[in-house]
Amino acid sequence: MQYKVVELSTVDEGSLERTLNEWIAKGWNLDGVQFAMREASKRPAMAFVFFTREGEAHEHDAEAARERLMRLSETGSPTAELMADHARVHEKRTGPGQRPPISAYERLAQLAGLDEPETLEKGLTLEPEE
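Asker: Give a description of the overall build of the protein that names residues and reports values.
Answerer: When its secondary structure is counted, the protein shows four helices and three strands. Per-residue burial over the protein gives 15% buried out of 130 residues. Of the contacts made within the protein by residues no fewer than 6 positions apart, 51% connect residues no fewer than 24 positions apart. For the protein, the computed accessible surface area is about 11,400 Å², with 53% contributed by carbon and sulfur atoms.

Structure, rendered in structure tokens:
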């Protein structure tokens, strides 16, 4: 038996319907739906849709996963790689010495009239209670 779990962060009639139609068309059978609720709302925050089908479960290829992690650790995330490619293309198009493209956050700060955007906090350090 094979199992499939689909996580929905937007829970509405359309997203549930699209998910069911998509996976049932691929040969999966609906096994159930589990909703994750918010305390302050009657509307679900998330949904997990469970499917099953007959067949052998796919074996996890630990070596391929390890190789992918090694590639990501060496090159960075796929998004970072795309941004680096974009910066190289931009430099070729505009010539050396031109300012590289700025992030959306920096552009919003410019539009808001800020000289420099506020630095983003990477994480918070909680002090132990005394």
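Asker: Can you explain the side chain of Thr19? Please cite residues and give values.
Answerer: Within the secondary structure, Thr19 is located in helix 1 (residues 13-25). Each residue touching Thr19, except ones within four places of it in the same chain, is listed here: Val6, Leu8, Val49 and Phe51.

Asker: Explain the packing of aromatic side chains to me, and be specific about the residues and the numbers.
Answerer: The geometry of an aromatic ring pair is captured by the separation of the ring centres together with the interplanar angle, meaning the angle of the planes. The final tally for this structure, using the stated rule, is zero aromatic pairs. Lys26 extends its terminal NZ or CZ atom over the ring of Trp23, reaching a point 4.1 Å from the ring centre.

Asker: Explain the environment of Asn29 residue by residue, including any values.
Answerer: Within the secondary structure, Asn29 sits in strand 2 (residues 29-37). Residue classification places Asn29 among the partly exposed positions, given a relative accessible area of 46%. Distance from Asn29 to Tyr3, taken between C-alpha atoms, is 9.5 Å for residues 26 residues apart in sequence. For Asn29, the residues in contact, after removing those within four places along its chain, are Phe50, Phe51, Thr52 and Arg53.

Asker: Explain the nonpolar core to me, and be specific about the residues and the numbers.
Answerer: In this structure, Val6, Leu8, Val11, Leu16, Trp23, Trp28, Ala47, Val49 and Phe51 together form the largest nonpolar core, which totals nine residues. When contributions to this core are tallied by element, the ones reaching two or more residues are strand 1 (2-8), helix 1 and strand 3 (44-53). Sort the elements by how many residues they give to this core and strand 3 lands first, with three residues. Apart from residues lying up to four places away in sequence, Trp28 is in contact with Gln2, Tyr3, Lys4, Trp23, Phe51, Thr52 and Arg53.

Asker: Lay out the sheet that holds strand 3 in plain terms, naming residues and giving numbers.
Answerer: If you walk across this open sheet you meet the three strands as 1-3-2, and the pairing is antiparallel. Unpaired on one side and paired on the other, strand 1 and strand 2 mark the two borders of the sheet. Going from strand to strand, the sheet's axes swing by 20° on average, the running direction of each strand aside. Direction of pairing for strand 1 relative to strand 3: antiparallel, over a ladder of seven bridges. Its bridge partner lying in strand 3, Gln2 is registered against Arg53. Against the sheet, helix 1 makes contact with strand 1, strand 2 and strand 3, and its axis sits at roughly 15° relative to strand 3, the strand it touches most.

Asker: With reference to specific residues and values, describe the pairing of strand 2.
Answerer: Both strand 2 and strand 3 contribute to a ladder of eight bridges, which runs antiparallel. Each residue of the ladder has a partner; that of Asn29, found in strand 3, is Thr52. Between strand 2 and strand 3, which pair antiparallel and follow one another directly, the connecting turn spans six residues.

Criteria and cut-off values
Residues numbered from 1 in each chain as written. Predicted model: local features only at pLDDT ≥ 70, side-chain atom pairs only at ≥ 80, totals over all residues. Heavy atoms only, no water. Helix = DSSP H or I, 4+ residues; strand = E, 2+ residues; numbered from the N terminus. Buried < 20%, exposed > 50% of the residue type's maximum accessible area, 1.4 Å probe, protein only. Contact = heavy atoms within 4.5 Å. Areas by Shrake-Rupley, 256 points an atom, 1.4 Å probe, with all protein chains shown as cover. Phe/Tyr/Trp six-rings, centres within 6.5 Å; stacked < 30°, edge-to-face > 60°. Lys NZ or Arg CZ within 6 Å of the ring centre and 35° of its normal. Core = buried A, V, L, I, M, F, W, Y, C linked by side-chain atoms within 4.5 Å. Pairing = 2+ DSSP bridges. Axes fitted to C-alpha atoms, helices over the stretch in contact; angles between N-to-C directions.

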